[in-house]
Amino acid sequence: MVDQWVLDKLREYDSATIANVIELFQVRRRNRGFMTREIKAAFPHLPPMVGFAATATCRTFAELPDREAPKVPDLIGRFDELAGSPVIVLQNLDTGGAAANFGDVFCNSFKAFGAVGLVTNGPGRDFAGIKPLNFPVFYNGIVCAHGYMHLLELQGPVQVGGIDVYPNDLLHGDANGVTTIPRNIAGDVADACADYAAAEAVVIDTAQSGSASLADLRDAYGEMASRIADLTARVGKS
């Protein structure tokens with residue numbers, strides 16, 4: 001389990017800061033764990049999304065199978081398997097010629113039962129109806145029709161944005177994109193974000209002062225690097 005205070009604290013920081021802090025722990029390579037740029041925030045003004053992956057695969061181009069396909073209520077019915085608030089992670093298997101695999105009906109349904117966002121490699125529609133929900137959506141385009149949209153496997157591993165996502169993975173997303181957070185370091189990541197942001201603020205404040213010389217900027221970069229090195233040493237001992 002991840003304590004609620006950890007989730008609340010993670011929501012205070014953008015996904016770029018979260019990704020920076022994860023790097024300090026050296027639990028994965030720096031080019032792993034985050035979704036690629038085709039997964040964009042539909043509503044970049046919304047605050048960060050933090051929740052646990054409720055996964056499904058779907059198709060929109062291929063016709064419905066002969067067998068009974070699972071429905072949205074079936075996925076919602078498995079929310080209680082998660083460690084906290086669900087984030088729907090939907091892999092569209094029809095990568096070419098794909099129609100929309102979500103819209104305002106889906107988003108209203110998911111939010112009504114506690115979901116805090118949706119992430120997919122497919123396109124969506126009905127954004128005028130989704131916007132008032134303040135429901136974060138991450139997607140790769142807009143298409144007016146839903147084609148043969150149907151769900152396939154629920155709560156299995158999916159691939160979205162160049163990474164594998166497993167049920168109950170902890171996700172963080174905002175205007176900068178979506179990253180996974182290893183659950184075993186989630187609390188430590190939350191604790192380290194303020195110090196990392198303060199280290200970067202040394203350079204930002206100097207640059208925005210309006211009177212900084214190049215020497216001042218060099219000194220600020222040096223102080224930032226020193227603070228991050230100290231923070232790295234501290235988290236390495238945690």
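Keep in mind that what you see is a predicted model, and the values were worked out from it rather than measured.

Visitor: Could you give me a rundown of the overall build of the protein chain, with the residues and numbers involved?
Guide: When helices and strands are counted, the protein chain shows seven helices and 10 strands. For the C-alpha atoms alone, the extent of the protein chain along its principal axes is close to 70 × 35 × 30 Å. In the protein chain, buried positions account for 47% of the 238 residues. Nonlocal contacts in the protein chain, meaning residues at least 24 apart in sequence, comprise 78% of its contacts between residues at least 6 apart. By element, 51% of the accessible surface of the protein chain is carried by carbon and sulfur atoms, the whole surface being about 11,800 Å². Within the protein chain, one finds 20 positive and 28 negative side-chain charges whose respective centroids are separated by 3 Å.

Visitor: How would you explain the packing of aromatic side chains if you had to name every residue and give the values?
Guide: Counted by the stated rule, this structure contains five aromatic pairs. A ring pair is formed by Phe102 and Phe127, whose centres lie 5.9 Å apart and whose planes are at 90°; its orientation type is edge-to-face. With Phe102 in the loop between β3 (86–92) and α4 (104–112) and Phe127 in helix α5 (residues 127–130), the pair connects residues that are 25 residues apart, well separated along the chain. Here Phe102 matches Phe127 in class, with each residue buried.

Visitor: Can you tell me about the environment of Val50, naming the residues and giving the values?
Guide: Following the sequence through the fold, Val50 ends up in strand β2 (residues 49–59). A C-alpha to C-alpha distance of 13 Å links Val50 and Asp3, two positions 47 residues apart in sequence. Those residues in contact with Val50 that sit more than four places away from it in its chain are Leu7, Leu10, Arg11, Val116, Leu170, Leu171 and His172.

Visitor: Now, about the nonpolar core: what can you tell me, with residues and values included?
Guide: Judged by nonpolar contacts, the single largest core of 58 residues is most densely connected at Leu10, Phe102, Phe110, Val137 and Val189. Sort the elements by how many residues they give to this core and helix α6 (residues 186–208) lands first, with nine residues. Contacts of Leu10, omitting those with residues within four sequence positions, involve Ile18, Val50, Leu170, His172, Ile181, Ala186, Val189 and Ala190. Membership of the second largest hydrophobic core comes to 15 residues, among which are Ala53, Val87, Val89 and Val119.

Visitor: Now, about the packing of α6 against helix α7 (residues 214–236): what can you tell me, with residues and values included?
Guide: Packed helices, taken two at a time, are described by the angle between their axes plus the distance between the axes. The geometry of α6 relative to α7 is characterised by a closest axis approach of 8 Å and an angle of 170° between their N-to-C directions. As judged from the angle between their axes, α6 and α7 are roughly antiparallel. For the pair α6 and α7, the contacting residues are Ala192, Asp195, Tyr196, Ala198, Ala199, Glu200, Val202, Val203 and Thr206 in the first and Asp216, Leu217, Ala220, Tyr221, Glu223, Met224, Arg227, Ile228, Leu231, Arg234 and Val235 in the second. Considered class by class, the residues forming the contact of α6 with α7 number 13 nonpolar, one polar and six charged.

Visitor: Please give an account of α4 that cites residues and values.
Guide: Restricting attention to buried positions, one finds in α4 the residues Phe106, Cys107 and Phe110. An end-on view of α4 places all buried positions within 95° of arc, on one side of the element. In α4, the exposed residues that point more than 90 degrees away from the buried face are Val105 and Ala112. Each element contacted by the buried residues of α4 is listed here: α3 (72–76), β3, β4 (117–120), α5 and β5 (137–139). In the segment just after α4, Gly114 is the residue with positive phi, at about 105°.

Visitor: Tell me about the pattern of salt bridges, residues and numbers included.
Guide: Under the definition given, this model contains nine salt bridges. Between Glu23 and Arg30 there is a salt bridge, with its nearest N and O atoms 3.5 Å apart.

Visitor: So what's going on with the packing of helix α2 (residues 15–24) against α6? Which residues, and what values?
Guide: Their axes nearest at 9 Å, the elements α2 and α6 cross at an angle of 105°. Between α2 and α6, the angle falls in the class roughly perpendicular. Contacts between α2 and α6 pair Thr17, Ile18, Asn20, Val21, Ile22 and Leu24 from the former with Val189, Ala192, Cys193, Tyr196 and Glu200 from the latter. Residues of the contact of α2 with α6, tallied by class, amount to eight nonpolar, two polar and one charged.

Visitor: I'd like a description of the environment of Ala69, backed by residues and values.
Guide: Along the polypeptide, Ala69 turns up in the loop between β2 and α3. Residue classification places Ala69 among the buried positions, given a relative accessible area of 11%. It is 8.8 Å that separates the C-alpha atoms of Ala69 and Glu153, two residues lying 84 residues apart in sequence. The contact partners of Ala69, leaving out residues within four places of it in the chain, are His150 and Leu151.

Visitor: Lay out the state of the cysteines in plain terms, naming residues and giving numbers.
Guide: This structure, assessed with the given rule, holds zero disulfides. Here Cys58 is not cross-linked by a disulfide; its sulfur's nearest cysteine counterpart is in Cys107, at 13 Å.

Procedures and definitions
Residues numbered from 1 in each chain as written. Predicted model: local features only at pLDDT ≥ 70, side-chain atom pairs only at ≥ 80, totals over all residues. Heavy atoms only, no water. Helix = DSSP H or I, 4+ residues; strand = E, 2+ residues; numbered from the N terminus. Buried < 20%, exposed > 50% of the residue type's maximum accessible area, 1.4 Å probe, protein only. Contact = heavy atoms within 4.5 Å. Areas by Shrake-Rupley, 256 points an atom, 1.4 Å probe, with all protein chains shown as cover. Lys, Arg positive; Asp, Glu negative; His and termini not counted. Charge placed at Lys NZ, Arg CZ, Asp CG, Glu CD. Phe/Tyr/Trp six-rings, centres within 6.5 Å; stacked < 30°, edge-to-face > 60°. Core = buried A, V, L, I, M, F, W, Y, C linked by side-chain atoms within 4.5 Å. Axes fitted to C-alpha atoms, helices over the stretch in contact; angles between N-to-C directions. Parallel < 35°, antiparallel > 145°, perpendicular 65-115°, else oblique. Nonpolar A, V, L, I, M, F, W, Y, C, P; charged D, E, K, R; others polar. Arc of directions from axis to C-beta. Salt bridge = Lys/Arg side-chain N within 4 Å of Asp/Glu carboxyl O. Disulfide = S-S within 2.5 Å.

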